[in-house]
Amino acid sequence: MSSIRRIGSSVLKTVRSKYPKLFFLESCSNLYDLKLIHGHMIRTHIIFDVFVASRLIAFCIDTNSGTSLIDYASRIFSRIQRPNLFIFNAMIRGHSGSKNPDQSFHFYVQLQRQGLLPDNLTFPFMVKSCTKSLCISMGSQAHCHIIKHGFEMDVYVQNSLVHMYATFGDTEAATFIFQRMCYANVVSWTSIIRGFNKCGDVESARKLFDKMPERNLVTWSTMISGYAQNNRFAEAVELFRVLQSEGVRANETVMVSVISSCAHLGALEVGERAHDYVVKYDMTLNLILGTALVDMYARCGSIDKAFRVFESLPERDALSWTALIAGLAMHGYSEKSLEQFGKMIGAGITPRDITFSAVLSACSHGGLVERGFEIFESMKREYRIEPRLEHYGCMVDLLGRAGKLEEAEKFVLEMPVMPNAPVWGALLGACRIHKNAEIGERVGKILIQLLPQHSGYYVLLSNIYANSKQWEKVTEMRQIMTAKGVKKPPGHSLIELDGRIHKFTIGDRSHPEIDKIERMWEEILMKIRAAGYMGNTAEALFDIDEEEKESALHRHSEKLAIAFGIMRSEAGTPIRIVKNLRVCEDCHTATKLISKVFGREFIVRDRNRFHHFRQGTCGSQRAICSF
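Remember, it's a predicted structure, so these values are computed and weren't measured experimentally.

Undergrad: Go over the overall build of the chain with me, naming the residues and quoting the values.
TA: Summing up its helical and strand segments, the chain has 32 helices and six strands in all. Within the span of the chain, comprising 627 residues, buried residues form 51% of the whole. Long-range contacts, defined here as pairs at least 24 residues apart, represent 63% of the contacts in the chain between residues at least 6 apart. Of the roughly 30,000 Å² of accessible surface on the chain, 53% is carried by carbon and sulfur atoms.

Written out as structure tokens, the structure reads:
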């Protein structure tokens, strides 16, 4: 080892004595300095030395130095008469991380035309270029060249191939290479796990994760984000607990996935712990993490905390403002939502299309029809944003909730683009709210033709028929669903207690305390009946959107969650529940009475909005409630 050091030192002294100005590159930090050094090299003619030119190009493409001057490197390259393999590899590497990764292919072709043979440093960056370009055909060709030149067993080349095929979603090819690696390092394992996550096969990803001989933070982040991206939010939170138990320190990327998962679950307590973790380890509250926290608190029912986090953000962009605006709208604070939109504009932040979706939703929940149309028109006129189908859907919902069903139908028919199912679905939902069977039947038939396997539209139309006492058509809808094999997803409710998520589904008796929960519900039922509650048996019989059988009227998932919450939580504390479907009218009525009789506050998030029940009323009725 000492002899190697002596040789290296000797080479360094030789280079330093021959090209002393070359070592100014070590302290170069900007384009101006680089041009001075380059100019000196041109005047002294040392630029014509291939080694000198190669060092200049290497500096330009060095991302670690923060320079990455790939265009400048290309101009230097164009002046080199006979570039060597090092220079070609440098150009391939530089372009592989640039905005135009396909330029790497050009240099690879030139390399071969000059009679040079690629080496094991050429192909990892060639494959990286194929991956970044999302060019499957070029990736396959690169793989063929790797085999042709005998580098298929090089660990760095194999890692790049596993990552490429995993990114393309070809887990079969990625697995084939992975299983034949002589030495699979943590990069290899992480790449194949990422590939399975991308394809939605989180079970296979987790099996590999558990088998790994060693893991780094990137691996943990990959698995946790894989769960979050595949709507396996409870697993993402649970794996974060495992990460902590093993003494691994999470970073901002991991925490964004964890906090976003808490938002979807409505898990406020776990979300607060995650926030405490961020503060404890002094993580940078960047825009992505800060926005995730605002969204989490809003979607977990704590809009006050969402606002406080938003106020504490060191900087705000369109997405962080949108998270707050959408959160206020979801809680029924339409005017406050519009007020924040005005402040956003006043702060010089240009709204994005998703911002307008949130603002139009606020107008819809608040019944602010004229204001909604003004904002809709300003999208095109002031911000040059062409409305998407989502925005048209918001406008239909705005008109529909306000009871302007004929105007809403006319709006749909006159849209400059072909309306899709969600647009028609917004109108059908409004027909259910306002019990308009005539328009509802027309719209329902259109939707069933558009999406014949979508259970929700059969259900809504069936409910509309039931509300207008058209029982024969209700039966017909059920028969059509049975004949076509259409099944609706079961309704479920989530409740968080002591940092754990409990899930209730109608007909599911798997909860370990189900007998106690049902006895608790019977006690609740007895007390609210004494206060005037009468179960809406007609809806329970025909509202197949929410629950299926009349015998299950008092076993709706949110009622079981309420019983469990009262049974296990401290008196006076709010009970938060998340439901995957809309809250039915019977459950809405029952929850109002429970809040009065038991003196408890219930914050219920359904698929549309929040309902705040306290002292026998629903706070969501400050807006247009859609039960």
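From this point, the narrative continues.
Undergrad: Before we move on, could you go through the pattern of salt bridges and cite the residues and values that matter?
TA: Taken as a whole and judged by the stated rule, the model has 29 salt bridges. Of the charged contacts in the structure, one is a salt bridge between Arg-442 and Glu-409, with a shortest N-O distance of 2.8 Å. Placement of Arg-442 in helix α26 (residues 437-450) and of Glu-409 in helix α24 (residues 405-413) is noted, with a sequence separation of 33 residues between them. On the basis of relative accessibility, which here comes to 14%, the residue Glu-409 falls in the buried class. One salt bridge in this structure joins Glu-441 and Lys-473, with 2.9 Å as the shortest N-O distance. With a gap of 32 residues between them, Glu-441 in helix α26 and Lys-473 in helix α28 (residues 471-484) connect regions that are remote in the sequence. One network of salt bridges, in which partners are shared, links Glu-203, Arg-232 and Glu-235.

Undergrad: Account for the environment of Gly-535, with residues named and values stated.
TA: Note that Gly-535 resides in the loop between α29 (514-530) and α30 (537-542). The spacing of Gly-535 and Thr-589 is 54 residues in sequence and 8.9 Å in space, taken between C-alpha atoms.

Undergrad: Break down the nonpolar core for me, with residues and values.
TA: By size, the foremost hydrophobic cluster in this structure holds 138 residues, and its most contacted members are Ile-57, Phe-240, Met-255 and Ile-259. Ignoring any residue separated from it by four or fewer positions in sequence, one finds Ile-259 in contact with Ala-274, Val-278, Leu-289, Ala-292, Leu-293 and Met-296. By size, the runner-up hydrophobic cluster in this structure holds 28 residues, among which are Ile-566, Val-583, Ile-594 and Phe-613.

Undergrad: Which residues make up the packing of helix α19 (residues 318-330) against helix α21 (residues 353-366), and what are the values?
TA: Angle between the axes and distance between the axes are the two parameters that describe a pair of packed helices. Between α19 and α21, whose axes approach to 9 Å, the crossing angle comes to 15°. The angle between the axes of α19 and α21 places the two elements in the roughly parallel class. Considering how the two elements wind past one another, α19 and α21 form a crossing that is left-handed. Along its contact with α19, which presents Ala-318, Leu-319, Thr-322, Ile-325, Ala-326 and Ala-329, the element α21 presents Ile-354, Thr-355, Ala-358, Val-359, Ser-361, Ala-362 and His-365. A class-by-class count of the residues in the contact of α19 with α21 yields nine nonpolar, four polar and no charged.

Undergrad: Please give an account of the sheet that holds strand β6 (residues 617-618) that cites residues and values.
TA: In any sheet, the strands associate via hydrogen bonds between backbone groups, in a parallel or an antiparallel arrangement. Read across the sheet, six strands follow the order β2-β1-β3-β4-β5-β6 without closing on themselves; strand pairing throughout is mixed. Two strands lie at the open edges of the sheet, namely β2 (500-505) and β6, each paired on one side alone. Relative to strand β5 (residues 610-614), strand β4 (residues 602-605) is paired through four bridges, and the arrangement is antiparallel. By the bridge assignment, Arg-605 is partnered in β5 with Phe-610.

Undergrad: Describe the packing of aromatic side chains, with residues and values.
TA: Within a pair of aromatic rings, the relevant descriptors are the distance that separates the centres and the angle that separates the planes. Applying the stated criterion across every chain yields a total of 16 aromatic pairs. Here the aromatic rings of Phe-209 and Trp-220 are separated by 5.0 Å at their centres, their planes lie at 80°, and the arrangement is edge-to-face. On the criterion of sequence distance, the pair formed by Phe-209 in helix α12 (residues 202-211) and Trp-220 in helix α13 (residues 217-229) is long-range, its members being eleven residues apart. As far as burial versus exposure is concerned, Phe-209 and Trp-220 are alike and both buried.

Undergrad: Tell me what's going on with unusual backbone geometry, and back it up with residues and numbers.
TA: The residue Arg-384 is not glycine, and still its phi comes out positive at about 55°. Turning to its location among the elements, Arg-384 is positioned in the loop between α22 (369-383) and α23 (389-401). A positive phi angle, close to 55°, is found at Lys-435, a residue other than glycine. One can find Lys-435 in the loop between α25 (421-433) and α26.

Calculation notes
- Residues numbered from 1 in each chain as written.
- Predicted model: local features only at pLDDT ≥ 70, side-chain atom pairs only at ≥ 80, totals over all residues.
- Heavy atoms only, no water.
- Helix = DSSP H or I, 4+ residues; strand = E, 2+ residues; numbered from the N terminus.
- Buried < 20%, exposed > 50% of the residue type's maximum accessible area, 1.4 Å probe, protein only.
- Contact = heavy atoms within 4.5 Å.
- Areas by Shrake-Rupley, 256 points an atom, 1.4 Å probe, with all protein chains shown as cover.
- Salt bridge = Lys/Arg side-chain N within 4 Å of Asp/Glu carboxyl O.
- Core = buried A, V, L, I, M, F, W, Y, C linked by side-chain atoms within 4.5 Å.
- Axes fitted to C-alpha atoms, helices over the stretch in contact; angles between N-to-C directions.
- Parallel < 35°, antiparallel > 145°, perpendicular 65-115°, else oblique.
- Left-handed = near helix turned anticlockwise from the far one by under 90°.
- Nonpolar A, V, L, I, M, F, W, Y, C, P; charged D, E, K, R; others polar.
- Pairing = 2+ DSSP bridges.
- Phe/Tyr/Trp six-rings, centres within 6.5 Å; stacked < 30°, edge-to-face > 60°.

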